[in-house]
Amino acid sequence: MSRKKVRIHHFKEMKQRGEKIAMLTAYDFPTARAFDAGGADILLVGDSLGDNMLGMESTVPLELDEMIPFARAVVRGAEHAFVVADLPFGAYEVSPEQAVESSIRMVKLSGAHAIKFEGGRRIARQVKAVTDAGIPFCGHLGFTPQSETALGGRRIQGRGEHGIEELVADALALQEAGAFAVVLEMVIAPAAKAVTEALDIPTIGIGAGPDTDGQVLVWLDMAGVGDWHPRFSKQFGAVGQAMTDAAAAYVGEVKDVAFPAAEHTFES
């Protein structure tokens, strides 16, 4: 049976029947094609593009116009998966009008199926404006990288009874504003479970334990690219080492004049 295109209504149906949602970040056409073929339900063009792919110190310097070409490439590579694109820092905080304008620009120019940005009750007006404009929205709570300085660094969220109550209140505000799902990042497992049980819409965890309705990882962490990986991640491959080995083999054959060989050469 051929795989169907993933649509927004499928996510609530998956939550209701207990089927986990699998999300991965993607930033270009070939990785989008590979992860789509691997069965990912959602491809996230995250602002993690900034520090993971463009060498920035954090996600904060990334501009909306820098993200759009990457999102467009992922959409082109996603035959089945649902594509969500982040709005970077500075593209939505000022007003609901700014959030709608940025969301329209991203969707119109990239073809992304939905928008994601960070925050709870403080940005509920922006979320409502975006969903009222007919644009699907995915929330992001817990550790929010764009607010890392305000949070005091990469700190785990949702600790204590008050922390859980605050997280649930933020999640309910996003649901009320029209979000179709909420990402929970670096949240203690009991808090993530409480949010998941409180919502009708799915939760997608990253460092939030096993009780969320789905999971997401930055693909470089998942595939073993780079020298550092967060504790909550798991490497499902050694792609970084494979790339280094392939490059070393190529360089060796070029230096030894073993490549190109006759079969790689046009004689007439």
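Everything numeric here is computed off the predicted structure, so don't read it as measured data.

**Regarding the overall build of the chain**
Moving on, step 1. Per the secondary structure count, the chain includes eleven helices and eight strands.
Moving on, step 2. Against the 2.2 N^0.38 benchmark of 18 Å for 268 residues, the chain shows a C-alpha radius of gyration of 20 Å, consistent with a compact globule.
Moving on, step 3. When the backbone C-alpha atoms are referred to their principal axes, the chain occupies close to 70 × 45 × 35 Å.
Moving on, step 4. Looking at the chain as a whole, 49% of its 268 residues qualify as buried.
Moving on, step 5. In the chain, the proportion of contacts linking residues at least 24 apart, taken out of those at least 6 apart, comes to 59%.
Moving on, step 6. A total of about 13500 Å² of accessible surface is found on the chain, and carbon and sulfur atoms cover 55% of it.
Moving on, step 7. Counting 25 positive and 36 negative side-chain charges, the chain places the averaged centre of each group 5 Å from the other.

**Regarding the side chain of Thr-25**
Moving on, step 1. The residue Thr-25 is located in strand β1 (residues 21–25) in this model.
Moving on, step 2. With a relative accessible area of 2%, Thr-25 lands in the buried category.
Moving on, step 3. For Thr-25, the side chain forms a polar contact with the main-chain nitrogen of Trp-219, separated by 2.9 Å.
Moving on, step 4. What Thr-25 contacts, discounting residues up to four positions off in sequence, is Phe-35, Leu-44, Ser-48, Leu-217, Val-218 and Trp-219.

**Description of helix α5 (residues 96–110)**
Counting along an α-helix, one turn takes 3.6 residues, and residues three or four places apart therefore face a common direction.
Moving on, step 1. For α5, built from 15 residues, the straight-helix expectation of 21 Å at 1.5 Å per residue is met to within 8% by its first-to-last C-alpha distance of 21 Å.
Moving on, step 2. In this structure, the buried side of α5 is in contact with α4 (64–77), β3 (82–86), β4 (114–116) and α6 (124–132).
Moving on, step 3. Positive backbone phi, approximately 85°, marks Gly-111, located one or two places after α5.

**A closer look at the domain arrangement of the chain**
Moving on, step 1. Per the domain assignment, the segments of the chain are domain 1 (8–237) and domain 2 (238–267).
Moving on, step 2. A buried area of about 280 Å², summed over both sides, lies between domain 1 and domain 2, and 65% of it is on carbon and sulfur atoms.
Moving on, step 3. At the boundary of domain 1 and domain 2, one finds zero salt bridges.
Moving on, step 4. Run the count over domain 1 and domain 2 and you get three residue pairs in polar contact (both at pLDDT 80 or more).
Moving on, step 5. Residue composition of the side of domain 1 that touches domain 2, by class: two nonpolar, two polar and no charged.

**Re the sheet that holds strand β8 (residues 214–217)**
Moving on, step 1. An order of β1-β2-β3-β4-β5-β6-β7-β8 is seen for the eight strands of this closed barrel, with the pairing classed as parallel. In this sheet, adjacent strand axes meet at a mean angle of 25° when their direction is disregarded.
Moving on, step 2. Two strands pair when backbone bridges link them, and β1 and strand β2 (residues 42–45) are joined in this way by three bridges, in the parallel orientation. Bridge pairing in β2 places Leu-24 opposite Leu-43.

**Describing unusual backbone geometry**
Moving on, step 1. For the bond running from Phe-259 to Pro-260, omega is 0°, close enough to zero to count as cis.
Moving on, step 2. Residue Met-186 is not a glycine yet carries a positive backbone phi of 50°.
Moving on, step 3. Taking relative accessible area as the criterion, Met-186 reaches 9% and is therefore assigned buried.
Moving on, step 4. If you check the backbone angles, Val-257 has positive phi at about 55° while not being a glycine.
Moving on, step 5. When you line up the elements, Val-257 lands in the segment after α11 (239–255).

**Thoughts on the nonpolar core**
Moving on, step 1. With 75 residues, the main nonpolar core has Leu-43, Met-106 and Phe-117 as its most contacted residues.
Moving on, step 2. Take this core: its biggest share by element is six residues, from α4.

**Some remarks on a nonpolar patch on the surface**
Moving on, step 1. A contiguous nonpolar patch, built from Tyr-250, Val-251, Val-254 and Phe-259 and spanning about 350 Å² of accessible area, is present on the exposed surface.
Moving on, step 2. Its location among the elements puts Val-251 in helix α11.
Moving on, step 3. Take Val-251: its relative accessible area is 41%, and that puts it in the partly exposed class.

**Quick look at the environment of Asp-221**
Moving on, step 1. The residue Asp-221 is located in helix α10 (residues 219–223) in this model.
Moving on, step 2. Placed twelve residues apart in sequence, Asp-221 and Ser-233 show a C-alpha to C-alpha distance of 6.4 Å.
Moving on, step 3. What Asp-221 contacts, discounting residues up to four positions off in sequence, is Trp-228, His-229, Pro-230, Ser-233, Lys-234 and Gln-235.
Moving on, step 4. In this structure the side chain of Asp-221 is engaged in a polar contact, spanning 3.2 Å, whose partner is the side chain of His-229.

Rules used throughout
Residues numbered from 1 in each chain as written. Predicted model: local features only at pLDDT ≥ 70, side-chain atom pairs only at ≥ 80, totals over all residues. Heavy atoms only, no water. Helix = DSSP H or I, 4+ residues; strand = E, 2+ residues; numbered from the N terminus. Rg over C-alpha atoms; globule rule 2.2 N^0.38 Å. Buried < 20%, exposed > 50% of the residue type's maximum accessible area, 1.4 Å probe, protein only. Contact = heavy atoms within 4.5 Å. Areas by Shrake-Rupley, 256 points an atom, 1.4 Å probe, with all protein chains shown as cover. Lys, Arg positive; Asp, Glu negative; His and termini not counted. Charge placed at Lys NZ, Arg CZ, Asp CG, Glu CD. Polar contact = N/O pair within 3.5 Å; in protein donor to acceptor, adjacent residues only side chain to side chain. Expected span 1.5 Å × (residues − 1). Domains from an automatic or database assignment. Buried area = accessible area lost by both parts, 1.4 Å probe. Salt bridge = Lys/Arg side-chain N within 4 Å of Asp/Glu carboxyl O. Nonpolar A, V, L, I, M, F, W, Y, C, P; charged D, E, K, R; others polar. Pairing = 2+ DSSP bridges. Axes fitted to C-alpha atoms, helices over the stretch in contact; angles between N-to-C directions. Core = buried A, V, L, I, M, F, W, Y, C linked by side-chain atoms within 4.5 Å. Patch = residues over 30% accessible without salt bridge, like charges linked within 9 Å, V, L, I, M, F, W, Y side chains within 5 Å.

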